[in-house]
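Observations on the three-dimensional arrangement
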Amino acid sequence: MTTTHPAGFVAAGVTAGLKASGGKDLALVVNQGPTFDSATVFTSNRCKANPVLWSQEVVKDGVVRAVVLNSGGANCYTGPEGFQTTHAVAERVAERIGVGAVDVVVCSTGLIGLVNPREQLLEGVDAAAEALDAAGGEAAAEAIMTTDTVSKTVVVEGPGWSIGGMAKGAGMLAPQLATMLVVLTTDAVVPAADLDAALRAATRVSFDRLDSDGCMSTNDTVTIMASGASGITPTPEDFAEALSRACTDLAMQLLKDAEGADHEIAITVLHAASEDDAVEVGRSIARSNLFKAAVFGRDPNWGRVLASIGTTQAAFDPADLDVAMNGVWVCRGSVPAEDPTKVDLSGREVTVTVDLKAGDHRATVWTNDLTHAYVHENSAYSS
């Protein structure tokens, strides 16, 4: 269930000494070919970390030979020294595996403003290069965890080819993308242009619809590498469908491990005038602290749902909205309907359905509740 499940990939996860816990904190995933096509999407936050600034240039030619990732420090807003550290890490990876630094994506995660110790990182790269193995995917997935409580991995099988992946993220989950680092691999033969189209389509309906706490990270990176080692070229449609399944699986794992969450909430907006309208409405509800706190308190307060819908520019009649929670239509035509006490919020999974009655489009946005544990974790995190 890892990045090394597809043929042509090796990986490692090691301890470089960046985490106070002494746990694994540096991962390396290497594409051994025979092809090296790739695609990457990054955070849309204008305040970007040094590894993102570096990697944005690396991916322009559609060729990536390796991805190196560290937890324990975001290397964001650390000045010229921080960018030089990113460059040095890429150079060391390139030297150890015999490629050019311009083909090495670098990712970091952790606190902003924390200077990562360069020598420890470089020693970690050396250790990871020595440990590279076709069974190293699980260790790599562990090494990128920050406040994650579990590692996140996925495998999707195609006919004679496969997709593998790993992700990290447990807070600041908001588009685009989320506080996530994701590495995806495939042994299918897929040109870079097709990888790019498939990745953007997949992230649009998975990671970009995950909105845990409305906070957008500075380091988000999702990279896919294709080794071509299977020798099989799937149709673009088949590959895109499989990649979407892989990304959605990882996104749901991120949601279930969201910091302090007691409930995972799927907000589905029906009969919108456009998909953008459906997403805007879903996202507005997902970002309502009042609504999220109500779910934590097991209170089916549908009035907070209507109030959130009203802040959007979507097309709808404010006097004719329907809302269901866990299948109970508590609001019909913008007035009370079924008894809210029928809504059982004792389980972790919660569904909210909104009918805008304005068109034929729909979308689902995922979020979680707002808990005491979330506030505690994010008030104590830096210490």
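The structure this text deals with has already been given above.
Notes on the structure follow.

Rules used throughout
Residues numbered from 1 in each chain as written. Predicted model: local features only at pLDDT ≥ 70, side-chain atom pairs only at ≥ 80, totals over all residues. Heavy atoms only, no water. Pairing = 2+ DSSP bridges. Helix = DSSP H or I, 4+ residues; strand = E, 2+ residues; numbered from the N terminus. Axes fitted to C-alpha atoms, helices over the stretch in contact; angles between N-to-C directions. Contact = heavy atoms within 4.5 Å. Parallel < 35°, antiparallel > 145°, perpendicular 65-115°, else oblique. Left-handed = near helix turned anticlockwise from the far one by under 90°. Buried < 20%, exposed > 50% of the residue type's maximum accessible area, 1.4 Å probe, protein only. Lys, Arg positive; Asp, Glu negative; His and termini not counted. Salt bridge = Lys/Arg side-chain N within 4 Å of Asp/Glu carboxyl O. Phe/Tyr/Trp six-rings, centres within 6.5 Å; stacked < 30°, edge-to-face > 60°. Lys NZ or Arg CZ within 6 Å of the ring centre and 35° of its normal.

Attention shifts here to the sheet that holds strand β6 (residues 152-157). Taken in spatial order, the 5 strands line up as β3-β9-β8-β7-β6 in an open sheet, and their pairing is mixed. The open sheet is flanked by β3 (37-42) and β6, the only strands paired with a single partner. Direction aside, neighbouring strands of the sheet carry axes that sit 10° apart on average. Of the strand pairs in this sheet, strand β8 (residues 181-186) and strand β9 (residues 221-226) are connected by 6 bridges, and their pairing is parallel. The partner of Leu184 across the bridge, within β9, is Ile224. Running at roughly 155° to β6, helix α6 (residues 236-256) makes contact with β6, β7 (162-168), β8 and β9 of the sheet.

The subject of this paragraph is the packing of helix α2 (residues 79-97) against helix α3 (residues 118-131). Relative orientation of the contacting elements α2 and α3 amounts to 20°, with a least axis distance of 10 Å. By the angle between their directions, the pair α2 and α3 is classed as roughly parallel. α2 and α3 meet at a crossing whose hand is right-handed. Of the residues in α3, those touching α2 at Glu81, Gln84, Thr85, Ala88, Val89, Arg92, Val93 and Arg96 are Arg118, Leu121, Leu122, Val125, Asp126, Ala129 and Glu130.

The next subject is the side chain of Asp277. Position of Asp277 relative to the elements: it lies in helix α7 (residues 275-286). An unpaired buried charge is present at Asp277: no salt bridge exists, and Arg283, the closest side chain of opposite charge, is 12 Å distant. Not counting residues up to four positions away in its chain, the partners in contact with Asp277 are Ala272, Ala314 and Ala315.

Moving on, we come to the sheet that holds strand β10 (residues 264-272). Hydrogen bonds between backbone atoms are what pair the strands of a sheet, whose relative direction is either parallel or antiparallel. Read from one edge to the other, the open sheet built from 6 strands follows the order β13-β12-β11-β14-β10-β15, with strand pairing classed as mixed. Pairing within the sheet leaves two strands with one partner each, and these edge strands are β13 (335-336) and β15 (361-368). Of the strands in this sheet, β10, β14 (349-355) and β15 are in contact with α7, which crosses β15 at around 20°.

In this structure the tally under the stated criterion is 17 salt bridges. With a shortest N-O distance of 2.6 Å, Asp257 and Lys152 are connected by a salt bridge. On the criterion of sequence distance, the pair formed by Asp257 in the loop between α6 and β10 and Lys152 in strand β6 is long-range, its members being 105 residues apart. Comparing Asp257 with Lys152, the two get one shared label, buried. Residues joined in a network through salt bridges with shared partners are Arg92, Arg96, Asp126 and Glu130.

To continue, consider the packing of aromatic side chains. In total, this model carries 2 aromatic pairs according to the counting rule given. For the pair Trp161 and Phe239, a centre-to-centre distance of 5.8 Å together with 40° between the ring planes defines the contact as tilted. Of the two residues, Trp161 sits in the loop between β6 and β7 while Phe239 sits in helix α6, which places them 78 residues apart along the sequence. In this pair, the class of Trp161 matches that of Phe239, namely buried. Across the ring face of Phe36, the terminal group of Arg65 is positioned such that the distance to the ring centre comes to 3.7 Å.

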